[in-house]
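Results of the structural survey
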Amino acid sequence: MIELNNVSYTYPRTVQPALHRITLSLEKGQCIMVTGPSGAGKTSLSLAASGILHHEYGGKKEGSVIIDGKDVTHYSSLSDLAQNVGVVFDDAEAQMIFTTVEEEILSALEHRGLSAAVIEERLAGIMKTTYLEELKDRSPHNLSGGQKQRVALAATLALGNDILILDEPTSELDEHATKRIAEILKDLKDQGKTILLIEHKFGQFHEMVDALVVLENGEITAQGIPSDVLKDDRVRGMVLPDFSTVKGIAGTAIDSEPVISVQNLTHNYGNVQALSGISLTIRKGEFVALVGENGSGKTTLVKHFNRLLSPTGGDVIVRGKNTKDCSIAALACDVGLVFQNPDHMFFADTVREEIAYGVKNLGIEHGKEVIDSALGDAGLTESADLYPRWLSRGERQRLGIACVVAMQPSIIVLDEPTTGLDGYEAILVINILKKLQEKGHTIIIITHNRDIAEHCADRIITMEGGKVISDTGSA
Amino acid sequence: MAEILQYVHKDAFLHRLHPYTKIAFIIVVSIMCIIATDLVFLTLMVLAMLAVAAYSRLLAELLQQLKLIIVMSAIFILITIITIPNGEILGYIIPQGVPVIGGFIPVTTGGLTIGIVLTLRFMVLIFAFQLFLMSTQPRDLVNAMEKIGLPIDYILMFIIALRFIPTLQIEGQRIHEAQLARGFNPGTGFVGKIRSVAPIAIPLVSNALLRSNVLGLTIDMRGYRTGKKTHVRESTLQHRDYGVLFAMALACTGYIVLLMNQII
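Residues numbered from 1 in each chain as written. Chains lettered and ligands numbered in written order. Predicted model: local features only at pLDDT ≥ 70, side-chain atom pairs only at ≥ 80, totals over all residues.

This paragraph deals with the overall build of chain B. Helix and strand counts for chain B stand at 11 helices and two strands. Walking chain B from its N terminus toward its C terminus, one meets helices and strands in the order α-α-α-α-α-β-β-α-α-α-α-α-α. A compact globule built from 264 residues would reach a C-alpha radius of gyration of about 18 Å, whereas chain B, at 23 Å, exceeds it by more than 25%. Over its C-alpha atoms, taken along the principal directions, chain B stretches across nearly 70 × 65 × 30 Å. The buried share among the 264 residues of chain B stands at 25%. For chain B, restricting intrachain contacts to residue pairs at least 6 apart in sequence, the fraction spanning at least 24 positions comes to 72%. (Helix = DSSP H or I, 4+ residues; strand = E, 2+ residues; numbered from the N terminus. Rg over C-alpha atoms; globule rule 2.2 N^0.38 Å. Buried ≥ 20, exposed ≤ 12 C-beta atoms within 10 Å, placed from the backbone. Contact = placed C-beta atoms within 7 Å.)

Right, let's get into the sheet that holds strand 2 (residues 19-26) of chain A. The pairing of strands in a sheet comes from backbone hydrogen bonds and takes either a parallel or an antiparallel form. Residues and elements named next belong to chain A. In spatial order, the strands read 2-1-4-5; together these four strands make up an open sheet with antiparallel pairing. Lying at the two open borders of the sheet, with one neighbouring strand each, are strand 2 and strand 5 (70-71). In this sheet, strand 4 (residues 60-67) lies alongside strand 1 (residues 2-10) in antiparallel orientation, the contact comprising seven bridges. Looking across to strand 4, one finds that Ile2 is bridged to Ile67. Contacting strand 1, strand 2 and strand 4, helix 1 (residues 42-49) runs over the sheet at an angle of about 125° to strand 1. (Pairing = 2+ DSSP bridges. Axes fitted to C-alpha atoms, helices over the stretch in contact; angles between N-to-C directions.)

Residues and elements named next belong to chain B. Interaxial distance between helix 2 (residues 19-35) and helix 11 (residues 239-260) falls to 10 Å at its minimum, and their mutual angle equals 15°. With respect to their mutual orientation, helix 2 and helix 11 come out roughly parallel. For the element pair helix 2 and helix 11, the recorded crossing hand is left-handed. Contacts between helix 2 and helix 11 involve Thr21, Ala24, Phe25, Val28 and Met32 from the former and Asp241, Val244, Leu245, Met248, Cys252 and Tyr255 from the latter. Among the residues making up the contact of helix 2 with helix 11, the classes are represented as nine nonpolar, one polar and one charged. (Parallel < 35°, antiparallel > 145°, perpendicular 65-115°, else oblique. Left-handed = near helix turned anticlockwise from the far one by under 90°. Nonpolar A, V, L, I, M, F, W, Y, C, P; charged D, E, K, R; others polar.)

With that settled, consider the interface of chain B and chain A. Each partner contributes to the interface: chain B provides 43 residues, whereas chain A provides 51 residues. Every element with two or more residues in the side of chain B that touches chain A is listed here: helix 7 (138-148), helix 8 (152-180) and helix 10 (198-221) of chain B. At 13 residues, helix 10 of chain B tops the list of elements feeding residues into the side of chain B that touches chain A. Across the side of chain B that touches chain A, the residue classes tally to 20 nonpolar, 13 polar and 10 charged.

Below, the discussion takes up the environment of B:Ile152. Residue and element names in this part refer to chain B. One can find Ile152 in helix 8. Ile152 sits in the partly exposed class, given 16 other C-beta atoms within 10 Å. Residues Ile152 and Val142 lie 10 residues apart in sequence; the distance between their C-alpha atoms is 8.2 Å. When near neighbours in sequence (up to four residues on either side) are disregarded, Ile152 contacts Glu146, Arg225 and Gly227.

Right, let's get into the sheet that holds strand 18 (residues 442-446) of chain A. All names here are of chain A. Reading across the sheet, the six strands line up as 16-17-18-13-19-20 and stay open at both edges, with mixed pairing between neighbours. For this open sheet the edge positions go to strand 16 (335-338) and strand 20 (467-471), each flanked by a neighbour on one side alone. Strand-to-strand twist in this sheet, taken as the mean axis angle between neighbours without regard to direction, amounts to 20°. Of the pairings in the sheet, the one linking strand 16 to strand 17 (residues 411-415) comprises four bridges and is parallel in character. The residue bridging Val335 from the neighbouring strand is Ile411, located in strand 17.

This part is about the nonpolar core. Among soluble globular proteins, nonpolar side chains are generally buried collectively. Residue and element names in this part refer to chain A. Met33, Ala48, Ile105, Ala154, Ala158, Leu196 and Val214 are the most contacted members of the largest nonpolar core, which totals 82 residues. When sequence neighbours within four positions are dropped, the list of residues in contact with Met33 reads Leu197, Glu199, Phe202, Phe205, Val209 and Leu212. Grouped together as the second largest cluster of nonpolar side chains are 72 residues, Val338, Met345, Ile371 and Ile430 included. (Core = buried A, V, L, I, M, F, W, Y, C linked by C-beta atoms within 7 Å.)

It is worth spelling out the environment of B:Lys229 at this point. Mapped onto the elements of the fold, B:Lys229 is located in the loop between helix 10 and helix 11. Dropping the residues within four chain positions of it, B:Lys229 is found in contact with A:Glu110 and A:His111.

Let us now look at the confidence of the model for chain B. The predicted coordinates ought not to be read in detail in places where the model reports low pLDDT. Model confidence for chain B is summarised by a mean pLDDT of 88, while 99% of its residues fall at 70 or above. Here the predicted complex scores 0.86 on pTM and 0.87 on ipTM. (pLDDT = per-residue confidence, 0-100.)

We now examine the pairing of strand 7 (residues 163-167) of chain A. All names here are of chain A. By the criterion of burial, strand 7 is predominantly enclosed, with five of the five residues buried. Here strand 7 shows no split at all, with Ile163, Ile165 and Asp167 on one side and Leu164 and Leu166 on the other all buried. Inspection of the sheet shows strand 6 (residues 85-88) paired to strand 7 by four bridges, in the parallel sense. Residue Val88 lies in a different strand from strand 7, and its bridge partner there is Leu166. Direction of pairing for strand 7 relative to strand 8 (residues 194-198): parallel, over a ladder of five bridges. What sits directly across from Ile163, in strand 8, is Thr194.

Turning next to helix 3 (residues 39-55) of chain B. All names here are of chain B. Spanning 17 residues, helix 3 covers 24 Å between terminal C-alpha atoms, matching the ideal 24 Å at 1.5 Å per step. The complete set of buried residues in helix 3 reads Leu42, Met45, Met49, Val52 and Ala53. Projection of helix 3 onto a plane perpendicular to its axis shows the buried side chains occupying an angular sector of 100°, all on one side. For helix 3, exposure combined with an orientation more than 90 degrees from the buried face picks out Val40, Leu47, Ala51, Ala54 and Tyr55. On its buried side, helix 3 packs onto helix 2, helix 4 (59-63) and helix 6 (109-135). Arg57, located one to two residues past helix 3, shows a positive phi value of around 55°. (Expected span 1.5 Å × (residues − 1). Arc of directions from axis to C-beta.)

Before going further, it helps to spend a moment on helix 13 (residues 351-362) of chain A. Helical geometry: 3.6 residues make up each α-helical turn, so side chains three or four residues apart lie on a common side. Residue and element names in this part refer to chain A. By the burial criterion, the buried members of helix 13 are Val351, Arg352, Glu354, Ile355, Ala356, Tyr357, Gly358 and Val359. The inward-facing, buried residues of helix 13 abut helix 14 (367-377) and helix 15 (393-405). The positive-phi residue at the C-terminal boundary of helix 13 is Gly363, with phi of around 65°.

Below, the structure is given as structure tokens:
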């Protein structure tokens, strides 16, 4: 159904090719999963395979792409290509143009030259396959990440194509929501759809994947049936990382002084109770993993540590001071918070200036040494003069950490620090955190990844419905 | 969070009207309030908008923007008092007792009246437009605008601009929080305020530009611009639409009579 022959591609105004001599063939009814480090060219590959690259992007193209027996250059336009290929892009929000779920899918169906009766029938079918029936009148900003991904998928399914290309459809989702997407895709494959899936989470999709392709620096470095490809230890480490190899100091924090003490904390958003009666103590030098599904209150809880949110009831004591009596700026010296999406903070022209921003704000002395050491810790010394948004996702994640580390907070909180990273990049991030712990920092991470929580943290706190339901360190 | 200019899903009077009827409603109301200068008439129009909102169960949503309207009104009135002094002097913004600068900026009946007229007009326009957007699904809006003959690119531009308001609000909030956690200083003085915009505005704009790429591809892949379209679930003009149109025609007649007799 899709054939790439010796495809190379270089983006305009760049020298390094994004794709180099890619040869790939996707048979009817097959599912190929493409994986690899961030910045390896996975998104470029999905654009090439869908023909979008040849129609919409400039730059240098070599080789040929054949979709459904026809060379992509022979398709007249994107909408002509869209008669054969459905693409789900990585940003779900940007794929929602209308203000209710049903409208979104219906409007996609209206442009396929179908009769009104067929449209209604297909609409009902798609809503059912993607479990969106109950959400049909919701607006995009009232949907969770997983629900948005399902709407983007549903609107693409509405096109009724046999070929589906999906670019990281589960990157920001928890285990439960990922499982749901995996089930939907498996059903679609059973119905005979041909699927090209860009993903990191092989474990969740292994049942349906016929071939695994590893892309590194724009080149395919391994390709074949998964069990063969995974015999190579290096590939295995990337696709199915073993976090038990992460070395660190044994948890000896039990007797140290408390740095955060949460007392009977409640928080309400309007009428919705997001946190109810949370009490816990975190001690100096601990490595804590906060786990739980989307919407369980993890992010709401940590935002209280630096007073981005104020308690509706109860108290939060950070290093002996009640946060009620501190300003956000003063707390920023004690508690560093790295948000899930690092792109929410980058605005400077170079990596170095980006890190310098927080350092200057807090008036830290010996700024240059501090910044150099943060760059070194994050493994970004060589990228110091680059534009932050040119970095790969993995590097941007580490830059986000460096920005906060340079401010020298004793407590570092990270919201989903391994989102969108491959196994090696995730381990790199975790090792950075372990080193910081050795230096005496207290580390708190929010994560969906059970393996990381179990192997890397000294203590796991599980939340559900705004409550702590288990805490391995409370004994 | 207050959702500005968004469709609110309900099953009430305005929602059941045909988009054409509602477009006619905004046009009639806009013309009426722009031509009229009578305080009592304009006050009645504001009350009428509120009554329509209450009848359509949209009053609470409409009043969410009240704070913004009050601030804007205060600015309007202040500007007209300063710029259009006319008629009797009611008093002074800076009391006469204050030495040297006392007695400046007189509050005149003329200036005050023009300020209040502008405010009332502004309220009628905002309320009417909001009622229309809150009660019309974007899909129906697109259909109606297409039938009127507007080019599809402009229609898409219009509805996308509306659709992404809450998204940008939420994103702006997240960026603000991320920068606060880095010791972001909201800035003092004029230069400080301008400088403090960069850490918020640059990520917001960069992310939005990145997003527009995917948005553009999505529009083309779904064939929204091809012009081929099957029309499903199209509403037709119902009895209630004719009723409303008739009532508006009556109101227009009455309005013209009032205008001719120089009552308003």
